[in-house]
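# Examining the three-dimensional arrangement
Below are the chains, spelled out letter by letter.
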Amino acid sequence: MRKKQLCATFMAAVMTAGLLTGCGGSGGQTADKEQQNAQEQADVPQDAGNAETEAVSADQGGGNSSAREAEAFGYQLNLDPSNTLNGQYEGQTLTVFCCTGEFSEPLQESIDLFQKLSGAAVNLYIYSFDELNSKISLALAGDEEMDVTCFVSAYMDTFNSVGQLADLTELSGQYGAADYDWNGFSNALIGRTSDESGVFAVPYQVCEMMGFYRKDLLEDPDIQAAYKEKTGKDLTVPATTEELEQIAQFFTKSENPDSPTTYGYLTQGITNASMWSWMSRLGSFGGSMFHDGWEVAFNSQAGVDAMNYNKKLMSYSPANWNEYGFDEVNALMASGEAFFCETWSSAYPSINSGEMAGKIGCCVTPGNSPVISGWSLGINSLSEKQELAWKFIEFCTSKDGEMTRVDNGVAPARDENIKRLVDAGEDAGYYTAITDSFACEKNCWGDICLPYLGSQGSSIVDTYTQAMYKGSISAEEALENMETEIKEALKSVGIGN
C-alpha cells in the first residue's frame, strides 16, 4: 500500500511540475516548440490514446553477421565482440521510450543495427520533453507497456525509491557478455545511476552547462589592446567569477560603447531554466546544494553571494532575459551579438555554425563549479523481457557501440571514448571542456529530482530564482522560501522532520 501511495505521489508531482529539461531542453516557449514538433511527426498507436508519439521500426536482419563490423572516426569497431547476438530473439518485440531530437536520432541508429544482429523488433516511442516523464511513470506503475527507457539520470533516485527500475548488475551477471566493460564510464555519471545495492541505469549521454565565447574576438590584437588599456589586465578565457564579470561588462555596448558585441553575457532565463545560472556559481563561492539525505545546504552565505552575482551578470544580457530559452540563447550567440554565453554543451553545433563557424571557443563555466547532467538507459522492473532489454542496453552502451552514435554536440558517456575522439582529431576544445567539467570537484547536478517527487524540487528553486532576479524578493528571502518548501515536500513523503 505504501508503494502505491508513493507512486501516486510521484505521478501527481510529475503532472504538476512537468519534466525537468536539462541537456538541451528548456521550459516555457522552447518546450512548447518541442511538443508541437513531436505532434506534427507522430504516428499514434491505437492503444496510445491522445499521446504524442512516434514509433519507429527497422527491417529485421535475423542475425546479420556483417552488422557486427562498423567504422567511426577512423576506428574499426566490433559491435558484438563476444558473438552473443545471432538472431536468437526473432519474434520478440522490445518497447523503448526516448525524448525527441538529439536523444532519439542517435538511438535509432543503434536500434537499426541491433535489430539486424538480434532478430528482435524494437519499437522506439518518441515523446516531447514535457510528456516523456509522465509516460515513463505510467509504464513503471504498470499502466503502460515499456521495457527500456532513456531518462534524465538524476531521476534514478525517484524511480528507484519505489523499486521501479531493474537491477542491471544482476541482469548483466545473468545475461551479459563477458567483455562488457563497466569501468569506462564517467565516474560522475555512473555514480548518479547506482547506489550501494547495484546499478539501475547505464549512462547514455553526458551534458553540462558550458561556457562558449567569441574566440575570434578574444584573439584579436586590437581588442586585446583595448581591453588591456581599459582594465589593466590581459584578455584571456575567463576562469574565475571576477574575470567573467569584467569581461561581460567590457563586451556590453551599454557599458562600453566601443564594444564589438551588444551583450557581454547570455544564459537561459525562462521558467525551469533560470536556476542553473546561480547553481553553477554556488561551488565557486564555497557552497553546495544539498548535504547527505537531502538536507538543504544552499541556504547559506554562499547561496546569497551566488544569486546576487548572477543577478548582476543579467545586467549584461538582453533586457528580456527571462524570455531566452535554449533555442533563443543559441540563436543570439550564433548571430555574433553576444561575446559569452553559458548553456548546455549540446548547443555547440548550433552556435558554432554559419558566420560563427570556427569562431566559437569552449570552456568550463567560470568558477569551476559547473552544473552537470546526463541521460541514462534503464529497464522497467515490470518488463517480461529482461534478457532482451539488457542485451539492447549492453549493445548501445558498449565501448564500440557508443561510438556509432556520437556526433558533435552529442558527447559519449565513456571517458575513454572522448579520448578516442580527441585522438582522432575531433574538436579537442569542445571535448576537453566536457571532461574538465565533469572532473571539477565542485560540480553540481542541475536536476533537483527529490525522492518520490520528481522535478518538484527544481520547480520550487526556479520559481524563487525568477522572483529574485526580477527584484520581487531578496536572495535571502528566495533561499529561505526554497528551503521551507523543499522541506515540506520531503516531509509529505516521510523524509525529514
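Attention here is on the structure that accompanies the text. It should be emphasised that the depicted structure is a prediction, and the values quoted were computed from it without experimental measurement. (Residues numbered from 1 in each chain as written. Predicted model: local features only at pLDDT ≥ 70, side-chain atom pairs only at ≥ 80, totals over all residues. Heavy atoms only, no water.)

### Overview of the overall build of the protein chain
What counts is decided by this rule: Starting at the N terminus, helices and strands are each numbered in turn, a helix being any DSSP run of H or I of at least four residues and a strand any DSSP run of E of at least two. Burial classes follow relative accessibility: with a 1.4 Å probe on protein chains only, a residue under 20% of its type's maximum area counts as buried, one over 50% as exposed, and anything between as partly exposed. Contact criterion: two residues are considered in contact whenever any of their non-hydrogen atoms come within 4.5 Å of each other. In this description, accessible areas are obtained by the Shrake-Rupley approach with a 1.4 Å probe, and a residue is regarded as covered only by the protein chains that are shown.
Across its full length, the protein chain carries 20 helices and 14 strands. Classification of the 497 residues of the protein chain by burial places 59% in the buried group. Of the contacts made within the protein chain by residues no fewer than 6 positions apart, 76% connect residues no fewer than 24 positions apart. As displayed, the protein chain has an accessible area near 18800 Å², and 43% of this comes from carbon and sulfur atoms.

### Description of the pairing of strand E9 (residues 202-214)
As a reminder, the rule being used: The pairing criterion for strands is at least two bridges between them, as found by DSSP.
E9 sits mainly inside the fold: 13 of its 13 residues count as buried. Across five bridges, E9 lies against strand E11 (residues 340-344) in antiparallel orientation. Bridge assignment links Gly211 to a residue of E11, and that residue is Glu342. Where E9 lies against strand E12 (residues 360-364), five bridges are found, and the strand directions are antiparallel. When the bridges of E12 are listed, Tyr213 appears paired with Gly361.

### Structural notes on unusual backbone geometry
The backbone of Asn368 shows a phi angle near 55°, a positive value even though the residue is not glycine. One non-glycine residue, Tyr452, lies in positive phi territory at about 70°. By the secondary structure assignment, Tyr452 is in the loop between strand E14 (444-445) and helix H19 (456-469). Exposure remark for Tyr452: the relative accessible area of 16% places this residue in the buried category.

### Observations regarding the packing of helix H11 (residues 275-282) against H19
Heads up, the condition is: Angles here are taken between N-to-C directions and fall from 0 to 180 degrees, while the axes themselves are lines fitted to C-alpha atoms, restricted in helices to the stretch in contact. Note that the term roughly parallel is reserved for angles under 35 degrees, roughly antiparallel for angles over 145, roughly perpendicular for angles of 65 to 115, and oblique for everything else. Each residue is assigned to one of three groups, with Ala, Val, Leu, Ile, Met, Phe, Trp, Tyr, Cys and Pro labelled nonpolar, Asp, Glu, Lys and Arg labelled charged, and all others, Gly among them, labelled polar.
Axis separation between H11 and H19 bottoms out at 9 Å; the angle between their running directions is 95°. Judged by the inter-axis angle, H11 sits roughly perpendicular to H19. When H11 is examined against H19, the residues Met275, Ser277 and Trp278 are found in contact with a partner set consisting of Ser458, Val461, Asp462, Thr465 and Tyr469. Grouping the constituent residues of the contact of H11 with H19 by class yields four nonpolar, three polar and one charged.

### Re the pattern of salt bridges
Filter applied, for reference: When a carboxyl oxygen of Asp or Glu is within 4 Å of a side-chain nitrogen of Lys or Arg, the pair counts as a salt bridge.
Applying the stated criterion to the full structure yields 12 salt bridges. Between Asp216 and Arg214 there is a salt bridge, and its shortest N-O distance comes to 2.8 Å. Ionic pairing is found between Asp234 and Lys228, a salt bridge with its closest N-O pair at 3.2 Å. Classification of Asp234 by relative accessible area gives exposed; the value is 53%.

### Some points on the packing of helix H6 (residues 168-175) against helix H15 (residues 386-397)
Viewed as axis vectors pointing N to C, H6 and H15 meet at an angle of 95°, and their least axial separation amounts to 10 Å. As judged from the angle between their axes, H6 and H15 are roughly perpendicular. Side by side, H6 and H15 meet where Leu168, Leu171, Ser172 and Tyr175 of the first sit next to Gln386, Glu387, Trp390 and Lys391 of the second. Tallied by class, residues from the contact of H6 with H15 come to four nonpolar, two polar and two charged.

### Comments concerning helix H3 (residues 104-118)
Side chains of residues three or four places apart in an α-helix project in the same direction, reflecting 3.6 residues per turn. The condition is simple: Multiplying 1.5 Å by the helix residue count minus one yields the expected span of that helix.
Taking 1.5 Å of rise per residue, the 15 residues of H3 would be expected to cover 21 Å, and the 20 Å separating its terminal C-alpha atoms lies within 8% of that figure. What H3 keeps buried is the set Ser104, Pro106, Leu107, Gln108, Ser110, Ile111, Phe114, Gln115, Leu117 and Ser118. Gly119 sits one or two positions beyond H3 and adopts a positive phi of about 85°.

### Description of a negative patch on the surface
To keep things clear, this is the line we draw: Any residue with relative accessible area above 30% and no salt bridge may belong to a patch, with like charges joined within 9 Å and the nonpolar Val, Leu, Ile, Met, Phe, Trp and Tyr side chains within 5 Å. Note on charges: Lys and Arg go in the positive column, Asp and Glu in the negative column, and His and the chain ends are not counted at all. Think of each charge as sitting on NZ of Lys, CZ of Arg, CG of Asp or CD of Glu.
Residues Glu105, Glu109, Asp407 and Glu426 make up a contiguous surface patch of negative charge. Relative to the helices and strands, Glu105 is located in helix H3. Overall, the relative accessible area of 55% leaves Glu105 in the exposed class.

### Remarks on the nonpolar core
Soluble globular proteins: nonpolar side chains tend toward being buried together. Here is the rule: Think of a nonpolar core as a cluster: buried Ala, Val, Leu, Ile, Met, Phe, Trp, Tyr and Cys residues, connected wherever their side-chain atoms sit within 4.5 Å.
Within the largest apolar cluster, 131 residues are counted, with the highest numbers of intra-cluster contacts made by Trp278, Phe298, Trp375, Phe392 and Met482. Beyond its immediate stretch of four places on either side in the chain, Trp278 contacts Met289, Phe298, Gly303, Ala306, Met307, Asn310, Val461, Thr465, Tyr469, Leu479 and Met482. Residues Tyr213, Tyr227, Leu235 and Leu313 belong to the second largest nonpolar core, which totals 18 residues.

### Describing the packing of aromatic side chains
How we decide: Each aromatic pair joins two rings of Phe, Tyr and Trp (for Trp, the six-membered one) with centres within 6.5 Å, and gets the label stacked for planes under 30 degrees apart, edge-to-face for over 60, and tilted for any other angle. Cation placement over rings: the criterion is NZ of Lys or CZ of Arg within 6 Å of the ring centroid and within 35° of the ring normal.
Inspection of the entire model under this criterion finds 21 aromatic pairs. Ring centres of Tyr180 and Trp182 lie 5.4 Å apart, and the angle between their planes is 85°; this geometry places the pair in the edge-to-face category. Judged by its relative accessible area of 25%, Trp182 is partly exposed. Within the aromatic cluster, the residues linked to one another by ring pairs are Phe212, Tyr348, Tyr430 and Tyr431. The aromatic ring of Phe185 is capped on one face by Arg414, whose charged end is 4.0 Å from the ring centroid. When the ring centre of Tyr75 is taken as origin, the NZ or CZ atom of Arg420, which lies over that ring, is 4.8 Å away.

### Describing the side chain of Ser383
Our working rule: Polar contact is the term for a pair of N or O atoms within 3.5 Å; when the atoms are in protein, one must be able to donate a hydrogen and the other to accept it, and sequence-neighboring residues count only if both atoms are side-chain atoms.
The residue Ser383 is located in the loop between strand E13 (371-379) and H15 in this model. Given the relative accessible area of 10%, Ser383 is considered buried. At 2.7 Å, the side chain of Ser383 forms a polar contact with the side chain of Asp147. Not counting residues up to four positions away in its chain, the partners in contact with Ser383 are Met146 and Asp147.

### Here we look at the pairing of strand E6 (residues 148-152)
The element E6 is extensively covered by neighbouring structure, given that five of its five residues are classed as buried. Inspection of the sheet shows E6 paired to E13 by five bridges, in the antiparallel sense. Across the sheet, the residue bridging to Thr149 is Gly378, located in E13.

### Quick word on the environment of Met209
Mapped onto the fold, Met209 is located in strand E9. Residue classification places Met209 among the buried residues on the basis of a relative accessible area of 3%. For Met209 and Ala347, which are 138 residues apart along the polypeptide, the C-alpha to C-alpha distance reads 9.7 Å. Not counting chain neighbours up to four residues away, the residues in contact with Met209 comprise Thr267, Trp276, Glu342, Thr343, Trp344, Thr365, Pro370 and Val371.

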